[in-house]
Amino acid sequence: MEFLMAIVFLLGYLAITLEHNIHVDKAAPALLIGMLSWGLYALFPGQALHVDMNAPVTEIAQDQGLQERLPAFYNYIQTEISSMTTKLFITILRIQTPVKTPRV
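What counts, and where the lines are drawn
- Every chain is numbered independently, its residues counted from 1 as its sequence is written.
- Thresholds applied to this predicted model are a pLDDT of at least 70 for local features of residues and 80 or more for the giving and counting of side-chain atom pairs; totals over whole chains, interfaces and linings are not thresholded and use all residues.
- Calculated side-chain values reflect all of the structure's heavy atoms, with hydrogen atoms and water omitted.
- Helix numbering and strand numbering both begin at the N terminus, where a helix is a DSSP run of H or I of at least 4 residues and a strand a DSSP run of E of at least 2.
- The contact criterion used is simple: two residues touch if any of their non-hydrogen atoms lie within 4.5 Å.
- In the sections that follow, a salt bridge refers to a side-chain nitrogen of Lys or Arg positioned within 4 Å of a carboxyl oxygen of Asp or Glu.
- Between buried and exposed lies partly exposed: a residue is buried under 20% and exposed over 50% of the maximum accessible area for its type, with that area taken using a 1.4 Å probe on protein chains only.
- Candidates for patches are residues over 30% relative accessible area with no salt bridge; among them, like charges are joined within 9 Å and nonpolar side chains (Val, Leu, Ile, Met, Phe, Trp, Tyr) within 5 Å.
- Note on areas: Shrake-Rupley with a 1.4 Å probe; residue coverage comes only from the protein chains shown.
- A pair of aromatic rings is counted whenever rings of Phe, Tyr or Trp (Trp by its six-membered ring) have centres within 6.5 Å, and the orientation is called stacked for planes under 30 degrees apart, edge-to-face for over 60 and tilted otherwise.
- Here an angle of 0 to 180 degrees is reported between the N-to-C directions of two axes, which are lines fitted to C-alpha atoms, with helices fitted over the stretch in contact.
- Should an angle fall under 35 degrees it is called roughly parallel, over 145 degrees roughly antiparallel, and 65 to 115 degrees roughly perpendicular, with every other angle called oblique.
- Ten residues, namely Ala, Val, Leu, Ile, Met, Phe, Trp, Tyr, Cys and Pro, are considered nonpolar, four, namely Asp, Glu, Lys and Arg, are considered charged, and the remaining ones, Gly among them, are considered polar.

## Structural notes on the environment of V8
Logical step 1: Relative to the assigned elements, V8 resides in helix α1 (residues 2-17).
Logical step 2: Sequence separation between V8 and G34 is 26 residues; the distance between their C-alpha atoms is 9.3 Å.
Logical step 3: Beyond its immediate chain neighbours, meaning those up to four positions away, V8 contacts I33, L36, S37 and L40.

Structure follows, in C-alpha cells:
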C-alpha cells in the first residue's frame with residue numbers, strides 16, 4: 001500500500017510541476033492526491049496500522065506492539081472498549097429494572 005501511495009504522490013507532484021504544460025490548475029492534482037491517498041488508507045487500514053483487522057477489538061487492544069508504535073490509537077481503542085462496556089452495562093440495567101408507573 002505504501003508503494004501505491006508513493007506512486008500516487010509522485011504522479012500528482014509531477015502534474016503539479018507540469019502545470020503550465022498540461023494546462024491544469026495546481027489545486028486539481030493536489031486534491032486528487034489527497035483523495036486517493038486517504039482512499040487507499042481507508043481501504044487497507046490493517047497494512048497501515050500493522051494489525052490483523054480480522055482479530056477482535058479486545059485482542060487488538062492487548063497488542064503491546066501497537067501500544068509502542070501508535071500510542072494515540074492504542075488509547076483510543078482502550079477508551080472505546082471501556083465506553084462499550086459501560087453502555088452495555090447501562091443497557092442491561094435498564095432491561096432488568098422494572099418500570100414503575102404512577103397510580104392515578
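Text resumes after the structure shown.
## Regarding the pattern of salt bridges
Logical step 1: Under the counting rule described, the total for this entry stands at one salt bridge.
Logical step 2: Of the charged contacts in the structure, one is a salt bridge between K26 and E19, with a shortest N-O distance of 3.9 Å.
Logical step 3: Judged by relative accessible area, E19 falls into the buried class, the value being 17%.

## Remarks on a nonpolar patch on the surface
Logical step 1: Taken together, the side chains of F3, L4, I7, L11, L14, L18 and I22 make up a nonpolar region of the molecular surface, amounting to roughly 650 Å² of accessible area.
Logical step 2: The biggest single contributor to the nonpolar patch is α1, with five residues.
Logical step 3: When you line up the elements, L18 lands in the loop between α1 and α2 (19-22).

## Some details on the packing of aromatic side chains
Logical step 1: Scanning the entire structure with this criterion turns up two aromatic pairs.
Logical step 2: A ring pair is formed by W38 and Y41, whose centres lie 5.7 Å apart and whose planes are at 90°; its orientation type is edge-to-face. With W38 and Y41 both in helix α3 (residues 27-43), this residue pair falls three residues apart, about one helical turn.
Logical step 3: Exposure remark for Y41: the relative accessible area of 31% places this residue in the partly exposed category.

## A closer look at the side chain of E19
Logical step 1: Here E19 is to be found in helix α2.
Logical step 2: Excluding residues that lie within four positions of it along the chain, E19 makes contacts with V24, D25 and K26.

## Some thoughts on unusual backbone geometry
Logical step 1: Backbone geometry at H23 places phi at a positive 60°, although glycine is not the residue there.
Logical step 2: Judged by relative accessible area, H23 falls into the exposed class, the value being 68%.

## Considering the packing of α1 against α3
Logical step 1: Where α1 contacts α3, the axes come no closer than 9 Å and their chain directions differ by 175°. Viewed along their axes, α1 and α3 adopt a mutual orientation that is roughly antiparallel. Of the residues in α3, those in contact with L4, M5, V8, F9, G12, Y13, A15 and I16 of α1 are P29, A30, I33, L36, S37 and L40.
Logical step 2: Taken together, the residues that form the contact of α1 with α3 break down as twelve nonpolar, two polar and no charged.

Function-wise, these values are silent; they only describe arrangement.
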